[in-house]
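# A structural walkthrough
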Amino acid sequence: MSLGRDLRSDFPVLHQLVHGKPLVYLDNAATSHKPRAVIEAIARYYERDNSNVHRGLHALSMRATDAYEASRARLAKFINAADPAEVIFTRGTTESINVIARGLAARLRAGDVILTTEMEHHSNLVPWQQLARATGATLRLVPVIGADAEGGLDLAALDTLLTPAVKVFAFTHISNTLGVVNPAAALCARARAAGAVTVIDAAQSIGHVPLDVRALGADFVAFSGHKMCGPTGIGVLYGRRELLDAMPPDETGGGMVVTVTYEGATWKPAPERFEAGTPNIAGAVGLAAACDYLDGVGREAIARHDTELAAAAYQRLAALPGIRLLGPRGTRSGLVSFAFEDVHAHDVVTFADEDGVALRGGHHCNQPLMRKLGLASTTRASFYLYNGEAEIDSLVASLRRILAFFRA
Ligand code: 7TS
């Protein structure tokens, strides 16, 4: 499970004691830490170039504009977009999906169907519920299979669900609760054949697996910078150029207009059309540095590392008495989600924290899925490139201590 060198030394935050114990950070699905290269890129931008973009003719403004647009080009390359103009900077996955959902409103009528799945994060469910309400369209869901959703999505159900009435199919690439990796390219191909626009929630995949928007055949892709070693408050909405150009702006104001009179205004094309106001320039610069960092390590290698750690953790956890493990028994992404009948997830997380082990407990913004599986919450351990096998030992030791306490 080696990535060639000790990546931990690249991440300043990891070198600290928590309650007197070395930090074991296993909450990467919530947010990842930032390597020194990203922190320094942001500091360097503020120390040397800070200015507003697209507005000034002075040297710093031109440097800031160049840095911002170079970051856009870097992101386009990272996801293999055909054109940097297809990369819109947003605050993150949630904002990206909301902008897409509102932007597609004009394409939907009463009787149309918006298709999503039972395993979506609230960010890829609630905006579609709102769009359905606003347009009179119907929201339908691809079910998950099995008492612990161990079968992933019911792909056979797509045969009946993907009718010509479906105008949008929005699905997650990797589930943040189950660790399921959905066959995104196949899902896009089937949706396209049925005439539906595809939206991929790539929040959990972007920093973990190679992601090529053209190979996937996706119309829209949404992701957050903070889950891929980048800063918070920056993310991407990728959209195919022709779809973006046909979409109305979401927010209006400075920077996205061509001509303004007292009566009205005309819009620039993408990406400016969707970036009203002063953007998160330093965030974009930091995110581009994160792309460099991840590609320097190698995304294939990261994917292998994360899935090997999660598979090893799954095996070790399965040996704990009275544990219920969610999601696939075989190949999974870099996270494991589990529940004990007799110990609440919040108690597990609180006890683990005393041992310096950072986990997440709760519904993970998957309330309807939890309800369907008959659970109030789960505990989740999620791995990333700086984690190692010794941290699985720490996790298991901590869980054994918790179980011993509650079952004494
Ligand atoms: N979609 C998925 C699949 C996610 O996992 C998350 C965040 C989001 C969307 C929203 O991303 P944001 O950056 O806009 O907030 N998931 C989690 C999580 O699992 N624990 O904390 C945040």
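Quick look at the structure, then.

Cut-off values and rules
Residues numbered from 1 in each chain as written. Predicted model: local features only at pLDDT ≥ 70, side-chain atom pairs only at ≥ 80, totals over all residues. Heavy atoms only, no water. Salt bridge = Lys/Arg side-chain N within 4 Å of Asp/Glu carboxyl O. Helix = DSSP H or I, 4+ residues; strand = E, 2+ residues; numbered from the N terminus. Buried < 20%, exposed > 50% of the residue type's maximum accessible area, 1.4 Å probe, protein only. Arc of directions from axis to C-beta. Contact = heavy atoms within 4.5 Å. Axes fitted to C-alpha atoms, helices over the stretch in contact; angles between N-to-C directions. Parallel < 35°, antiparallel > 145°, perpendicular 65-115°, else oblique. Left-handed = near helix turned anticlockwise from the far one by under 90°. Nonpolar A, V, L, I, M, F, W, Y, C, P; charged D, E, K, R; others polar.

## Quick notes on the pattern of salt bridges
Oppositely charged side chains may form a pair once their charged atoms are brought near each other. Considering all chains together, one arrives at 25 salt bridges under this definition. Asp112 is paired through a salt bridge with Lys167; the nearest N and O atoms lie 3.9 Å apart. In this pair, Asp112 is assigned in the loop between α3 (93–103) and β5 (113–117) and Lys167 in strand β7 (residues 166–172), connecting sequence segments 55 residues apart. Given the relative accessible area of 10%, Asp112 is considered buried. Connected through salt bridges with shared partners, the residues Lys21, Glu354, Asp355 and Arg401 form a single ionic network.

## Side note on helix α4 (residues 126–135)
Within α4 the residues assigned to the buried category are Pro127, Trp128, Leu131, Ala132 and Thr135. What you see down the axis of α4 is that its buried residues fit within an arc of 140 degrees, all on one side. Every exposed residue of α4 that faces more than 90 degrees away from the buried side is listed here: Arg133 and Ala134. Contacts from the buried residues of α4 go to α3, β5, β6 (138–142), β7 and β8 (197–201). Positive backbone phi, approximately 85 degrees, marks Gly136, located one or two places after α4.

## Things to note about the packing of helix α2 (residues 59–78) against helix α9 (residues 281–297)
At a minimum axis distance of 8 Å, the contact between α2 and α9 shows a crossing angle of 40 degrees. For the element pair α2 / α9, the angle class is oblique. Between α2 and α9 lies a crossing whose hand is left-handed. The segment α2 lies against α9, with Ala64, Ala67, Tyr68, Ser71, Arg74, Leu75 and Phe78 engaging Ile281, Ala284, Val285, Leu287, Ala288, Cys291, Asp292, Leu294 and Asp295. A per-class count over the contact of α2 with α9 returns twelve nonpolar, one polar and three charged.

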